Amino acid sequence: MNIRRELEKQLGAKAHIHLNDIDIEPSEVSAIMINEVVPEDRSQDFYGSSGAAYLSTTVPLFRQAGLQVEGIDDILRLGIYITNAVKTPKTAYAIERESMEESLPYLEAELGLFPNLKVIVLSGDVARKMFNRIARKTAGKNPIPSGSTYKIRSSAFSFGEIRVLPSYIITGGNLMIERSKVKMIAEDIATMAAQIGIEKP
């Protein structure tokens, strides 16, 4: 299945909405990581060029978690799919509410493509907020409570049978120098991997 084409078939195509133009078998995906927002340059996204900025932080984080990956194809082979909550690039420092609202149906439809999910990692507050909006429709409440990520990330949260892990954004030019945050993200990735049965080499 091509993710972009499927979502556009369901919700329509819009030039400013950036969707993952990637062919995958949804039934083989066991975990999803939801990052914050798409980059302005599509080639710098997770499924862009091999030297994409988003992969320059993501791959080292996976390695620190004990998963020997070289790129996005290796991550996909582990049964892990990565996407962004907000599908339109930022136009200011903070993500605009309108962008979140417009992206919400696409994220909801995207999550619905994967029938065998065991884990969802919410990378950042925006991902948490948008996922809570989606989950509240069926759960009647927010699966993830408000509060600082470092205070709640070790608690066990679920949405139905799916384990939900609040974590931090996995992209950003200064991320890798924030040692405590990198350590926590790597721990969350390792927890995700263990939940879907990935054994470290």
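Residues numbered from 1 in each chain as written. Predicted model: local features only at pLDDT ≥ 70, side-chain atom pairs only at ≥ 80, totals over all residues. Heavy atoms only, no water.

## Thoughts on the overall build of the protein
Then step 1. Within the protein, the regular secondary structure consists of 7 helices and 5 strands.
Then step 2. For the protein, the C-alpha radius of gyration of 16 Å lies close to 17 Å, the compact-globule estimate for 201 residues.
Then step 3. Principal axes of the C-alpha set define a box for the protein whose edges measure 40 × 40 × 35 Å.
Then step 4. The buried share among the 201 residues of the protein stands at 52%.
Then step 5. Contacts in the protein between residues at least 24 apart in sequence constitute 65% of all its contacts with a sequence separation of at least 6.
Then step 6. When the accessible surface of the protein is totalled, it reaches about 9,900 Å², and 48% of it is carbon and sulfur.
Then step 7. Both charge centroids of the protein, one from 24 positive and one from 25 negative side chains, sit 7 Å from each other. (Helix = DSSP H or I, 4+ residues; strand = E, 2+ residues; numbered from the N terminus. Rg over C-alpha atoms; globule rule 2.2 N^0.38 Å. Buried < 20%, exposed > 50% of the residue type's maximum accessible area, 1.4 Å probe, protein only. Contact = heavy atoms within 4.5 Å. Areas by Shrake-Rupley, 256 points an atom, 1.4 Å probe, with all protein chains shown as cover. Lys, Arg positive; Asp, Glu negative; His and termini not counted. Charge placed at Lys NZ, Arg CZ, Asp CG, Glu CD.)

## Some thoughts on the packing of aromatic side chains
Then step 1. Taken as a whole, this structure holds 4 aromatic pairs when the rule is applied.
Then step 2. Aromatic side chains Phe131 and Phe159 sit 5.6 Å apart centroid to centroid with 85° between the ring planes, which places their arrangement in the edge-to-face category. Of this pair, Phe131 sits in helix 5 (residues 125-139) while Phe159 is found in strand 4 (residues 157-159), placing the two residues 28 residues apart along the sequence.
Then step 3. Judged by its relative accessible area of 1%, Phe131 falls in the buried class.
Then step 4. In textbook terms, an aromatic cluster arises when at least three aromatic residues are bridged by ring pairs, as seen for Tyr47, Tyr81 and Phe114. (Phe/Tyr/Trp six-rings, centres within 6.5 Å; stacked < 30°, edge-to-face > 60°.)

## Quick word on the confidence of the model for the protein
Then step 1. Here the protein averages 92 in pLDDT, and 99% of its residues register 70 or above.
Then step 2. When the elements of the protein are averaged for pLDDT, helix 6 (residues 149-152) gives the smallest value, 82, and strand 2 (residues 80-86) the largest, 98. (pLDDT = per-residue confidence, 0-100.)

## Quick word on the pairing of strand 2
Then step 1. For strand 2, a buried count of 7 out of 7 residues is recorded, marking the element as mostly surrounded by other parts of the structure.
Then step 2. Sheet analysis places strand 1 (residues 31-37) next to strand 2, joined by 6 bridges and oriented parallel. Looking at the pairing, Ile34 lines up with Thr83 of strand 2. (Pairing = 2+ DSSP bridges.)

## Things to note about helix 4 (residues 97-111)
Then step 1. In a regular helix each residue adds 1.5 Å, so 15 residues correspond to 21 Å; helix 4 covers 21 Å between its end C-alpha atoms and thus fits that length.
Then step 2. At Ser103, helix 4 shows its strongest bend, of approximately 35°, with the proline Pro105 following within four residues.
Then step 3. Those residues of helix 4 that fall on the buried side of the exposure criterion are Ser99, Met100, Ser103, Leu104, Tyr106, Leu107, Ala109, Glu110 and Leu111.
Then step 4. Residues of helix 4 that are buried make contact with helix 1 (3-11), strand 1, strand 2 and helix 5. (Expected span 1.5 Å × (residues − 1). Bend = angle between axes of the 7 residues up to and from the residue.)

## Some thoughts on the sheet that holds strand 2
Within a beta sheet, neighbouring strands are joined by backbone hydrogen bonds and run either parallel or antiparallel to one another.
Then step 1. Pairing is mixed in the open sheet, where 5 strands are placed in the order 2-1-3-5-4. Each edge of the open sheet is held by one strand with a lone partner, namely strand 2 and strand 4. Strand after strand, the sheet turns through a mean of 30° between neighbouring axes, direction not considered.
Then step 2. As paired elements, strand 3 (residues 119-123) and strand 5 (residues 162-167) share 5 bridges and run parallel to each other. (Axes fitted to C-alpha atoms, helices over the stretch in contact; angles between N-to-C directions.)

## Some thoughts on the packing of helix 2 (residues 53-64) against helix 7 (residues 179-195)
Then step 1. Put simply, helix 2 and helix 7 touch, their axes get as near as 8 Å, and they point 70° apart. Taken together, the axes of helix 2 and helix 7 are roughly perpendicular relative to one another. The element helix 2 and its partner helix 7 pack so that their crossing is right-handed. Residues Leu61, Phe62 and Gln64 of helix 2 form the contact with helix 7, whose participating residues are Val182, Lys183, Ile185, Ala186, Ile189 and Met192.
Then step 2. A class-by-class count of the residues in the contact of helix 2 with helix 7 yields 7 nonpolar, 1 polar and 1 charged. (Parallel < 35°, antiparallel > 145°, perpendicular 65-115°, else oblique. Left-handed = near helix turned anticlockwise from the far one by under 90°. Nonpolar A, V, L, I, M, F, W, Y, C, P; charged D, E, K, R; others polar.)

## Focus on the environment of Gly112
Then step 1. Following the sequence through the fold, Gly112 ends up in the loop between helix 4 and strand 3.
Then step 2. Accessibility expressed as a relative area gives 62% for Gly112, which makes it exposed.
Then step 3. Expressed as a C-alpha distance, the spacing of Gly112 and Pro26, which sit 86 residues apart in the sequence, is 9.7 Å.

## Things to note about the pattern of salt bridges
Then step 1. For the coordinates displayed, the defined rule picks out 16 salt bridges.
Then step 2. Where Glu6 meets Lys9, a salt bridge forms, and the shortest distance between an N and an O atom there is 3.4 Å. Note that Glu6 and Lys9 are positioned in helix 1 at a spacing of 3 residues, about one turn of the helix.
Then step 3. On the accessibility criterion, Glu6 (17% relative accessible area) is buried.
Then step 4. On the basis of relative accessible area, Lys9 is assigned to the exposed category, the value being 65%.
Then step 5. Between Arg128 and Asp125 there is a salt bridge; the shortest N-O distance is 3.4 Å. Pair noted here: Arg128 and Asp125 are both in helix 5, with a separation of 3 residues, about one helical turn.
Then step 6. Residue classification places Asp125 among the exposed positions, given a relative accessible area of 52%.
Then step 7. The structure contains a network of salt bridges with shared partners spanning Arg153, Lys183, Glu187 and Asp188. (Salt bridge = Lys/Arg side-chain N within 4 Å of Asp/Glu carboxyl O.)

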